[in-house]
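Understanding the architecture of this molecule
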Amino acid sequence: MTGLLPAYRLLLLALAYYGCARLGLSLPLVTGYVTVLWLPSGIAVAALYRWGLGYWPAVYLAALAVEYKLSQDWGVSLGIAVSNTLAPLAAAWVLRRGQFSTTQPSARDLLVLLFGAALGCMLISASGGTLGLYLSGAVQAPQLSGTWLSWWLGDAVGVLAGGLPLLLLHRQDLHWSRYAERAPELLATVGFALIVGLLPLLSGVRTLAFDLLPLAGVIWLSLRFSLWPALALALALSLLQALEVSRIGPSLSAEAALAELIHLWTYVTTLFAVAMLVAGLNAERERSRQQLQESEQRYRSLIEHAPEAIVVLDPELGHFVEVNQEAERLFACSRARLLTLGPAELSPERQPDGRLSAEAARENIGRALGGEMPQFRWTHLDDQGRQFTCEVRLLCLPATDRRLIRGSLIDISEELQLEQLRQEQEDRLRLALEASGDGVWDWHIQKHREYYSPRLLAMYGYSSEDIEPSPDSFDRLTHPDDVAAMQADREAHWHGETDSYVNEHRIRCKDGSWKWVLSRGAVVSRDGDGSPLRMVGTHTDISARKEIEDRVWRQANFDGLTGLPNRHFLRRALERMVEEGIAVQGGLSLLFIDLDGFKEVNDTYGHDLGDQLLIEAARRIDSLISAPHQAARLGGDEFTVVLRGVVDIETVDSIATQLVAVLDQKFEFAGHEAFVSASIGISRLPQDAHSVSELFKHADQALYVAKDLGRNRYAHFSPELQRATEHKVRLGLELRTALAEQQFFLCYQPIVDLQQAKAQEVEALLRWRHPERGLISPNEFVPVAESAGLIAAIGDWVFRQGVRQLAHWRRSLDPDMRLSINKSPAQFRAPTSYLEEWLQLLASLRLPGAAVSIEITEGLLLERGSDVSSTLQRIRDVGLTISIDDFGTGYSSLAYLQEFAVDFLKIDRSFVRHLPDDPRTASLCRAIIVMAHELGFRVIAEGVETQAQALWLLRAGCDLAQGFYFGKAVPADEAPDVLRHLNQQLPQLLEAELGLSDVQR
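The shown structure was predicted, so the numbers you read here are calculated from the model rather than taken from an experiment.

Further remarks concern the pairing of strand β3 (residues 375–381). Sheet topology note: the β3/strand β4 (residues 387–397) ladder contains 7 bridges and is antiparallel. By the bridge assignment, Arg-377 is partnered in β4 with Glu-391. Linking β3 back to β4 in an antiparallel pair, the connection comprises 5 residues, with Gly-385 at a positive phi of about 90°.

If you want it as structure tokens, here you go:
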């Protein structure tokens, strides 16, 4: 039917409606104008519900044709047709809203059809039809109620009889194959019911049995077959009952006829209602049976595919009633045999705890029957006598007829063996660890329990009563500074990042002291997810090692004399601050401090008192510095101060001024007094440097500036200083080339014997003719040569060049000619001494030692080291004379002059410059001359530039003099002529005021 085109469906619906209507109208009318059973209403409802509400025009046209056929009045026919169409249309809508099921209708569906579609919606057709008949005059007022009731119930019963079979009709219901196997039963039931239903029609006799017996046939078909055969039988019986009522109805009174109609309608309703209810109950039972079967299949599948062994025990029978394949494998026994056995037959006589297996099994089964879910370990015997242990869980299964116990069994024999083996290994490990003298700890992590050996507790002075077996116990005793690192090392090992746990931390002992320990351990078991379960380890007392490490660390990072941080510590701290950006963000200043005059104090009073001075100096420096600033000792008499977070230069200058002042104060110790001063070089970061190396270098450069400025002061690094330093570096490099390329040459200045008015001596003065810069002053390059370590080689060249020139002059000019050569203090400190080579050179040139005078500065006398003393003494022993140059500008004392054999004192030009006008200078020079003569020294005055100066020195008894007044320094080729001319002019130069007799005197 569903394959027909919509046009055919419209035609088919209209013909079906019209045919059934004509069939109904062909029966005798019991109550005038109304039929006893109106099947078209059921056909219309079924078609509109199953095919769609859009098919209502077919219903309307068929209803209009039927009504016009009866009344021949278009007005009446149109009105009644409308009501007869609206009623099934509303019924179909109600069924759709109620989601009526056409496959497996339930009791709810029957109620929706009966009360909603049939009784409810048919009120529309009954009301509209009765009104139409009344208005047309076919029905009078006294007949209205009966006609309306007959119309309503006839249409309602027609919905059940004609609509329900069509609503539930499906293709498979029409296939005879469904009923072929039980065709005799089906035919017999239908035949019996129809015969019984025909008896009242044929015999005219009606009894209750004739009503009930066909109903039994309907019930039987609903139970044994399906709903649709039962509905078809109910429809046939309804038609037979309607024929019977139509036959006898006209002969009855109105009341009797109405009673027959009510009986008919009740009978038909009962037939269909019972058919649906029985079929529904039967379908529900079938669904329940299928669900139970599916549930049992799922349960069986779950049991069969379960990873553990499953057994189901019937406590009353005492044996298993269900087992899975895993149980067969576990017990090495067939399913058939297992179903004859119980727990006692599959267990040894006694369990490992000594209980009888039978009694223990009854106890556990009783607990399960009591509602518990016992879980325990059980030792079993398989069918071959092998013992094994299982983890068993019992559960009482809900059942209506009997109580069953399901058991889940997991073989843990291998796990127990591994656990036993692990326990034995741990016992051996613990024994070995304890034998080593270390304290042992055993941590059950997830249980939050930790056990400590007596040796471990004794390490800290505790007993087992003092410490709870919990990891928190020793965590609380751990030094707060060590907790974070300890926990981090634990986590790293737990997560598999390290092979073992190793951490050093401090533990507070019972007496309140702290003890360093090395804690080592490893996870010995993990769960299935890899989380640690147990960890075993030791505590080793490393306090002595830590004390040594601390001492070594302090020795490596702190000065042993003053206790201040040393150069290594300071440099690392500065590098760390630079790396972390602290120095750049907050500013950092480095102060280099050098103690001026410390060497003299150390040489004078000895190293012990010198150390005391350093300690006191360190104390004074550190007393002025507070955190975050830092003082340090670099070594010797050099200290540093690091100022952190000081950005303004005024604060730096203030601290530097305080340091200079505090170190300038008198030092007193062991009955002695000493004075030193401080020269300080300052460099700042990031203003003056971008690295620690630059910071140190620039502070050192600034320090030497402070020293050059007169010491006892501080100086800042500046770009100009950097340029000067770079110039010195370049100059030092060029000096090395100058010596190799013979860029040096000597000039000679005459030294005049004032008393003899004769020039028989010259001083060799070094000059450097630079290929690009021309002549460079010795004042510029000699200090560079000294600092670059070149002065010894240059001085050797000067000596060799000078004495060779002297030998030539003694042969060609004057056999008594003498030469004065300056020797730098750095030459005395140089590792290579040229003295023996010089003496050999003098001997080879046949020059006496007295022909050469070595000029030294008076500061060299303060260096009382064995090398200086022995060199000076060796010079005297071979006959060379010694001159003290620049006398009066240094720090020498009469004691030094008396200790060292000296031949000449040279009065510095700074004194001679003010002669003869400055009385103080004159007195000082006169005192020097007198003192020198008293000590047996001769006196040379240098820097004589005027005749007045020369004559004053002559009157004061000065022995020799040199200066521009007598002649400038000239190259070697010009010196002989200068000396000849000078010797010729000297008598006139010196006798201008004194006269020759005075000069000769």
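It is worth spelling out the pattern of salt bridges at this point. Opposite charge on two side chains allows them to pair when their charged atoms are near. Here the structure, examined in full by the defined rule, presents 34 salt bridges. Between Arg-506 and Asp-482 there is a salt bridge, with its nearest N and O atoms 2.9 Å apart. Note that Arg-506 is positioned in strand β8 (residues 501–508) and Asp-482 in helix α18 (residues 480–494), a separation of 24 residues in sequence. A salt bridge links Glu-504 to Lys-546, with the nearest nitrogen and oxygen atoms 2.9 Å apart. One end of the pair, Glu-504, is in strand β8; the other, Lys-546, is in helix α19 (residues 543–557), with 42 residues separating them in the sequence. For Glu-504, a relative accessible area of 29% gives the class partly exposed. Linked by salt bridges that have partners in common, Glu-504, Arg-545, Lys-546 and Glu-549 make up one network.

Our focus in this paragraph is the packing of aromatic side chains. We describe a pair of aromatic rings using the distance from one ring centre to the other and the angle between the two ring planes. All chains considered together, the criterion is met by 20 aromatic pairs. Look at Phe-592 and Phe-696: their rings are 5.6 Å apart centre to centre, the planes differ by 80°, and that puts the pair in the edge-to-face class. With a gap of 104 residues between them, Phe-592 in strand β11 (residues 588–596) and Phe-696 in helix α25 (residues 692–708) connect regions that are remote in the sequence. In this structure Phe-592 comes out as buried when scored by relative accessible area, which is 8%. Seen in terms of ring centroids, Tyr-748 and Trp-809 are 4.9 Å apart; in terms of plane orientation they differ by 75°. Their pairing is edge-to-face. With Tyr-748 in strand β18 (residues 744–753) and Trp-809 in helix α28 (residues 791–812), this pair connects stretches of sequence that are 61 residues apart. The buried category is assigned to Tyr-748, whose relative accessible area is 3%. Residue classification places Trp-809 among the buried positions, given a relative accessible area of 2%. Through successive ring pairs, a cluster of aromatic residues spans Phe-744, Trp-768, Phe-781 and Trp-797.

The subject of this paragraph is the sheet that holds strand β5 (residues 404–411). Within the open sheet, the 5 strands sit side by side as β2-β1-β5-β4-β3. Their pairing is antiparallel. With one partner strand each, in any of the chains shown, β2 (319–323) and β3 form the two edges of the open sheet. Strand after strand, the sheet turns through a mean of 40° between neighbouring axes, direction not considered.

Okay, a negative patch on the surface next. Judged by side-chain charge, Asp-411, Glu-414, Glu-415 and Glu-419 come together as a negatively charged surface patch. By the element assignment, Asp-411 lies in strand β5. By relative accessible area, Asp-411 is classed as partly exposed at 31%.

Here we take up helix α22 (residues 598–605). Those residues of α22 that sit buried are Phe-598, Val-601 and Asn-602. One side of α22 holds all its buried residues, which, seen down the axis, span an arc of 100°. Those residues of α22 that are buried lie in contact with β11, α23 (607–623) and β15 (672–674). Two residues or fewer after α22 comes Gly-606, characterised by a positive phi angle close to 95°.

Conventions and cut-offs
Residues numbered from 1 in each chain as written. Predicted model: local features only at pLDDT ≥ 70, side-chain atom pairs only at ≥ 80, totals over all residues. Heavy atoms only, no water. Pairing = 2+ DSSP bridges. Helix = DSSP H or I, 4+ residues; strand = E, 2+ residues; numbered from the N terminus. Salt bridge = Lys/Arg side-chain N within 4 Å of Asp/Glu carboxyl O. Buried < 20%, exposed > 50% of the residue type's maximum accessible area, 1.4 Å probe, protein only. Phe/Tyr/Trp six-rings, centres within 6.5 Å; stacked < 30°, edge-to-face > 60°. Axes fitted to C-alpha atoms, helices over the stretch in contact; angles between N-to-C directions. Patch = residues over 30% accessible without salt bridge, like charges linked within 9 Å, V, L, I, M, F, W, Y side chains within 5 Å. Areas by Shrake-Rupley, 256 points an atom, 1.4 Å probe, with all protein chains shown as cover. Lys, Arg positive; Asp, Glu negative; His and termini not counted. Charge placed at Lys NZ, Arg CZ, Asp CG, Glu CD. Arc of directions from axis to C-beta. Contact = heavy atoms within 4.5 Å.

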